[in-house]
Amino acid sequence: MMKKKSISASKASLVFFLCQMISALDVPLDSKLLEELSQPPTITQQSPKDYIVDPRENIVIQCEAKGKPPPSFSWTRNGTHFDIDKDEQVTMKPNSGTLVINIMNGGKAEAYEGVYQCTARNERGAAISNNIVIRPSRSPLWTKEKLEPNQVREGDSLVLHCRPPVGLPPPIIFWMDNAFQRLPQSERVSQGLNGDLYFSNVQPEDTREDYICYARFNHTQTIQQKQPISVKVFSMDSLNDTIAANLSDTDIYGAKPVTERPPILLTPTGTTSNKVELRGNVLLLECIAAGLPTPVIRWIKEGGELPANRTFFENFKKTLKIIDVSEADSGNYKCIARNILGSTHHVISVTVKAAPYWITAPRNLVLSPGEDGTLICRANGNPKPSISWLANGVPIAIAPEDPSRKVDGDTIIFSAVQERSSAVYQCNASNEYGYLLANAFVNVLAEPPRILTPANKLYQVILDSPALIDCAYFGSPKPEIEWFKGVKGSILRGNEYVFHDNGTLEIPAAQKDSTGTYTCVARNELGKIQNEVQLEVKDPTMIIKQPEYKVIQRYGHVSFECIIKHDSTLIPTVIWLKDNDELPDDERFLVGKDNLTIMNVTDKDDGTYTCIVNTTLDSVSASAVLTVVAAPPTPAIIYARPNPPFDLELTGQLERSIELSWIPGDENNSPITSFVIEYEDGLHEPGVWHYQTEVPGSQTTVQLKLSPYVNYSFRVIAVNEIGRSQPSEPSEQYLTKSANPDENPSNVQGIGSEPDNLVITWESLKGFQSNGPGLQYKVSWRQKDVDDEWTSVVVANVSKYIVSGTPTFVPYEIKVQALNDLGYAPEPSEVIGHSGEDLPMVAPGNVQVHVINSTLAKVHWDPVPLKSVRGHLQGYKVYYWKVQSLSRRSKRHIEKKILTFRGNKTFGMLPGLEPYSSYKLNVRVVNGKGEGPASPDKVFKTPEGVPSSPSFLKITNPTLDSLTLEWGSPTHPNGVLISYILKFQPINNTHELGPLVEIRIPANESSLILKNLNYSTRYKFYFNAQTSVGSGSQITEEAVTIMDEAMASRQVDIATQGWFIGLMCAVALLILILLIVCFIRRNKGGKYPVKEKEDAHADPEIQPMKEDDGTFGEYSDAEDHKPLKKGSRTPSDRTVKKEDSDDSLVDYGEGVNGQFNEDGSFIGQYSGKKEKEPAEGNESSEAPSPVNAMNSFV
């Protein structure tokens, strides 16, 4: 099967426009080929619809047209035929339809007023012009009137009426004095849109007799003036003097001083008015107010904002000007006049109508016999325009019948056209505000094939490169193209060939056997033609020995080789370059047939040398580097950075380039390796130097590319192996001319911040990128996939524009184009953005929960429809919470948990659940705006698990052979408890464990008395709870049974012996002395209240001593259920702590020495009482005393 590709315009521009012609585009007539082709008339030039002419000059009504054969012209005037042969004042230009009406030789312009229309006709149809309304301009004189002087009191308002004569076009009004000087205007005195001169309040300096209104008529270049108007302002002081002179001494009268007044509107009158303006025109609204002090005018649009960048205030803000109005500018505009005494306002209701404008204008259609086509005419306006069709200037309803034609509203459909179907059709779109008229022809051509490529054209290509062999053609119907190799060869097919739509044959990789004659055959139903061309495939050019890297000492010589092999029929040329530039003009450089030799090498010869071999078909190159080194110096050489370059010179100044040259400074014994060129933009960033380019050290000139509208200065920095030189002195400045911007803003984005807007942002151009003054941005947008026009605004000094009133989350095509005072940047690329998101509307459905185990569940749901998301889908959120525990049946505070699943995921895992509990969950969809509604709550339950450890284990009431155990149920039963398991074993003095005993206890028990235990024996207990799933974690405690009575009596006997009593007294005395010494030393160093230390620790497990005897009280936690820490002795109530701890009571007070006796009582010095005991003449409420120390003994 044959492959087909689109041809590039550079290969066959002529065939390209022919293909355009077949695709309903205009047919150019400047081609020799097309001189023989018939074409209906096309109007190319015509006078404007409303044509106001100077009555003193000849009237020229233009009408130019093209066609084949050349068209003839005729005119109508006021709807009837205009016979120019019968009017000696009217002539038609040769080979043209332009009329010339001779006014300067006796004709009167008023006699030729009317509506004119031109018709251009040939055998293929007739095209018509617009209705051209001819009206001579008029500049009538002012009617004479008697003007009374205006006498007005100071501070009052005044209006001087102009009332100019009605001219065509309307005159331009301005006020001047007798000396032809414009009268000064201000917020107080200004000219209205109707030409009248308004005074908000008059002042004495307004008195004058030469207020003159002038009317300038531009078409006739005449100025008419009104009679001068006199104004006399009476000040209050002069008025008082006048009144006083006419009153007797007995009369009491005084004129009031100038009275301040609140604003009133001079124009417009009333509180409301209406204004109709057409789309695309300039809207002018005016409010002028009287008042003292002079009122200030402010404009607002009710229910909206004044359009940015299209709104201007003129005439001291009394005139609101909006350019390029559209239907969106309709609404109520309020002007507010305000001074210190109050305000007034006026509302102008603006309605924007629209004359017809094109959406799709009909386009010329070129068809072959039997083909189909359509003409489409679509226009818009307000009100909606009506569409009517004409054929060759005649309403289509009464035009000759054409069976191939069918009219369907704004479309004409053609089926199986024939040559007689050729005609010119006119589309007229009109409403009460204007009309549009467009001509579009249907040209049916039947032409045999023509081949435009010259015969026997020779194509030459290099082996293994693509070969493109042209066969430019034309015909109607479009010919079929076939290729053959050789005169009688077979048709070419297969993957080794590519057949382009324009007839070109492509051989992707030409081989030697591709050489030969190729025949192109074009045929359609009207004929056949062929053409032969030649293809030659040449051997490629190769460098078989390339130049090599060389290191040479100064003043030596070096040679680079470049030996080539090429096709014998091609003539090669060899060029040597140094650092990508021509070789220096130096006799030391010797270029041979296949080598380059450099004699007496210097440091400047250091660089890259390139051998380039060119033929008419190909080019190859190879490079090598030459490094010049110095012989080892005998004296010590000092190496340093180079000196800065000097004598910078600018030459060859062009708009976008300039040549910079300089003289290098001293290299200081280290060759200069490169020069860095920097520039300063004195216009946008004075004082800031930017990198421009870098050139090799052997180069002292460089061609620099420039940007428009930049005031350049350049400096050069030399670089060697040691470092960089100081910058050179700046060059002279060079200001480049302004130009259109070369580029558009980058990073254009469209993201809505609200559901009904689109925020368009971009990165602004830098100063030098503006290419000229007045940098602005044309922001354009239109809704994607909707047949809508681009909406555009022009903004400046911003990088953001907000489009309001958009639908929620719809795609928009966006582009931002830079422009300046000289014009626009290239057409920007379009990006896709989205208007603002709104909350999702629909909750996920079909939520299902699969419980995997007692702590894990899996939830499924159906995705919501993408349209209901109303934004970028970010994922789904699962809210779940525990309702109650099934084992306790008691509700608690609900703590909701949230899991987020990104993207369009429809399932997720819920970890960390509590066993044997009831849960609820719901699912919500999430977009960039937030969460949608929740799905209905789904209830699920987790199965039983193993319980937690019992909440406490307390061992009390020790006897010789028994212990009492009390416990609390697990905090988290995680199911239904079925029993408790108690295990215990004795521990001997060497901490070895005895045999383990296990007891199962019913779940409803909370205590147990263990009997038949050994006396004075330590036991270790292991205790846990069970559900049907298994056993939970265990709690361990230790306890000791008491000694027998015989052992106790022996202890009592020893305690009553004298030697034991004496020993105890000695020990007590020694401790008392130590305590006194400590007490004295502490009083010298400051007070250390033990109680405050204890409070500072704030350990909840430490309780104060009993205040009655200073002994240590019960040791437990805030719940009174936690047994003592591991390693402690059982206190008097035999409670046992749950957790283990190695903390000592010594940590809770300074100077405390303590331990537990065998029976668990505390021995040591610790007091929490606040007693005042005298010690060494000092009082202390906190330090431990000898008395308290004695009280702690037992």
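Keep in mind that this is a model prediction, so the values were computed, not measured.

### Examining the overall build of the protein chain
Stage number 1. On a plain count of helices and strands, the protein chain comes out with 7 helices and 89 strands.
Stage number 2. Burial analysis of the protein chain (1194 residues in total) assigns 41% to the buried set.
Stage number 3. When contacts within the protein chain are restricted to residue pairs at least 6 apart in sequence, those whose partners lie at least 24 apart make up 64%.
Stage number 4. Split by element, the accessible area of the protein chain, about 63,500 Å² in all, is 51% carbon and sulfur.

### Brief notes about the pairing of strand β31 (residues 378-382)
Regular strands have side chains that alternate between both faces of the sheet.
Stage number 1. Here β31 shows one buried face, formed by A379 and G381, and one open face, formed by R378, N380 and N382.
Stage number 2. Where strand β28 (residues 342-360) meets β31, 4 bridges bridge the pair, whose relative direction is antiparallel. By the bridge assignment, W358 is partnered in β31 with A379.

### Quick word on the pattern of salt bridges
Stage number 1. One pass over the full model with this rule turns up 38 salt bridges.
Stage number 2. The residue E678 makes a salt bridge to R715 at a minimum N-O spacing of 2.8 Å. On the criterion of sequence distance, the pair formed by E678 in strand β59 (residues 674-681) and R715 in strand β62 (residues 711-719) is long-range, its members being 37 residues apart.
Stage number 3. When its relative accessible area of 18% is taken as the criterion, R715 is described as buried.

### Things to note about the side chain of D177
Stage number 1. Note on placement: D177 falls in the loop between β14 (172-176) and β15 (189-191).
Stage number 2. Here the side chain of D177 touches A179 through a polar contact of 3.0 Å, landing on its backbone nitrogen.
Stage number 3. Among the polar contacts listed, one links the side chain of D177 to the backbone nitrogen of Q181, at a separation of 2.8 Å.
Stage number 4. When near neighbours in sequence (up to four residues on either side) are disregarded, D177 contacts L183, R208, D210, I212 and Y214.

### A short note on the sheet that holds strand β72 (residues 845-853)
Stage number 1. Taken together, 3 strands build an open sheet; the order of strands is β72-β73-β76 and the sheet is antiparallel. Of all the strands in the sheet, just β72 and β76 (907-910) have a single pairing partner and so form its edges. In this sheet, adjacent strand axes meet at a mean angle of 20 degrees when their direction is disregarded.
Stage number 2. Both β72 and strand β73 (residues 856-862) contribute to a ladder of 6 bridges, which runs antiparallel. Note that in β73 the partner of Q848 across the bridge is H860.

### Brief notes about the state of the cysteines
Stage number 1. Applying the stated criterion across every chain, the model contains 6 disulfides.
Stage number 2. Between C63 and C118 runs a disulfide, and the two sulfur atoms are separated by 2.0 Å. Residues C63 and C118 are joined by a disulfide whose S-S torsion is about -70 degrees; by sign, that bridge is left-handed. Taken as a pair, C63 in strand β4 (residues 63-68) and C118 in strand β9 (residues 114-122) lie far apart in primary sequence, 55 residues in all.
Stage number 3. Two residues, C377 and C427, share a disulfide whose sulfurs are 1.7 Å apart. Between C377 and C427, the disulfide has an S-S torsion of -65 degrees and is therefore left-handed. Of the two residues, C377 sits in the loop between β30 (373-376) and β31 while C427 sits in strand β36 (residues 423-431), which places them 50 residues apart along the sequence.
Stage number 4. Classification of C377 by relative accessible area gives buried; the value is 0%.

### So, the side chain of K882
Stage number 1. Tracing the sequence through the fold places K882 in strand β74 (residues 873-885).
Stage number 2. A polar contact is formed between the side chain of K882 and the side chain of E914, at a distance of 2.4 Å.

### Observations concerning the pairing of strand β81 (residues 979-987)
Stage number 1. Burial analysis of β81 places 7 of its 9 residues in the buried class, the great majority of the element.
Stage number 2. Sheet analysis places β81 next to strand β82 (residues 997-1002), joined by 6 bridges and oriented antiparallel. What sits directly across from F984, in β82, is V997.
Stage number 3. Pairing between β81 and strand β84 (residues 1018-1026): 9 bridges, direction antiparallel. Looking at β84, one finds that Q985 is bridged to K1020.

### Observations concerning the nonpolar core
Stage number 1. In terms of nonpolar packing, the biggest core is built from 26 residues, with I59, I61, W75, I101 and Y116 touching the most fellow members.
Stage number 2. Here this core takes 3 residues from β9, the largest share from any one element.
Stage number 3. Excluding its chain neighbours within four sequence positions, the residues that come into contact with I101 are N58, I59, I61, Q89, V90, Y112 and Y116.

### With respect to the environment of D408
Stage number 1. By the secondary structure assignment, D408 is in strand β34 (residues 405-408).
Stage number 2. Sequence spacing of D408 and I376 is 32 residues, and the spatial spacing of their C-alpha atoms is 9.7 Å.

### Quick word on the environment of P807
Stage number 1. Position of P807 among the secondary structure elements: in the loop between β68 (800-804) and β69 (811-820).
Stage number 2. Judged by its relative accessible area of 37%, P807 falls in the partly exposed class.
Stage number 3. The spatial distance from the C-alpha of P807 to the C-alpha of E837 is 9.5 Å, given a sequence separation of 30 residues.
Stage number 4. Setting aside chain neighbours within four positions, we find P807 in contact with P755, Q783, Y812 and S835.

### Let's talk about the sheet that holds strand β7 (residues 90-92)
Hydrogen bonding along the main chain pairs the strands of a sheet, whether they run parallel or antiparallel.
Stage number 1. Taken in spatial order, the 3 strands of this open sheet run β3-β8-β7, and their pairing is antiparallel. Looking at the sheet topology across the chains shown, the edges are occupied by β3 (59-61) and β7. Adjacent strand axes in the sheet meet at a mean angle of 20 degrees when their direction is disregarded.
Stage number 2. Taken together, the 3 bridges between β7 and strand β8 (residues 99-101) define a ladder with antiparallel strand orientation. Its bridge partner being in β8, V90 is matched across the sheet by I101.

### Considerations on the packing of aromatic side chains
Stage number 1. Here the structure, examined in full by the defined rule, presents 21 aromatic pairs.
Stage number 2. With centroids separated by 6.4 Å and ring planes inclined at 40 degrees, the aromatic side chains of Y1019 and F1021 adopt a geometry described as tilted. Here the two residues Y1019 and F1021 agree in accessibility, since each one is buried.
Stage number 3. An aromatic cluster is present here, built from F174, F180 and Y214 joined pairwise through their rings.
Stage number 4. Above the ring of F82, the side-chain terminus of R77 is found at 6.0 Å from the ring centroid.
Stage number 5. A cation over a ring is seen here: R924 above Y879, with NZ or CZ 4.0 Å from the ring centre.

About the cut-offs
- Residues numbered from 1 in each chain as written.
- Predicted model: local features only at pLDDT ≥ 70, side-chain atom pairs only at ≥ 80, totals over all residues.
- Heavy atoms only, no water.
- Helix = DSSP H or I, 4+ residues; strand = E, 2+ residues; numbered from the N terminus.
- Buried < 20%, exposed > 50% of the residue type's maximum accessible area, 1.4 Å probe, protein only.
- Contact = heavy atoms within 4.5 Å.
- Areas by Shrake-Rupley, 256 points an atom, 1.4 Å probe, with all protein chains shown as cover.
- Pairing = 2+ DSSP bridges.
- Salt bridge = Lys/Arg side-chain N within 4 Å of Asp/Glu carboxyl O.
- Polar contact = N/O pair within 3.5 Å; in protein donor to acceptor, adjacent residues only side chain to side chain.
- Axes fitted to C-alpha atoms, helices over the stretch in contact; angles between N-to-C directions.
- Disulfide = S-S within 2.5 Å.
- Core = buried A, V, L, I, M, F, W, Y, C linked by side-chain atoms within 4.5 Å.
- Phe/Tyr/Trp six-rings, centres within 6.5 Å; stacked < 30°, edge-to-face > 60°.
- Lys NZ or Arg CZ within 6 Å of the ring centre and 35° of its normal.

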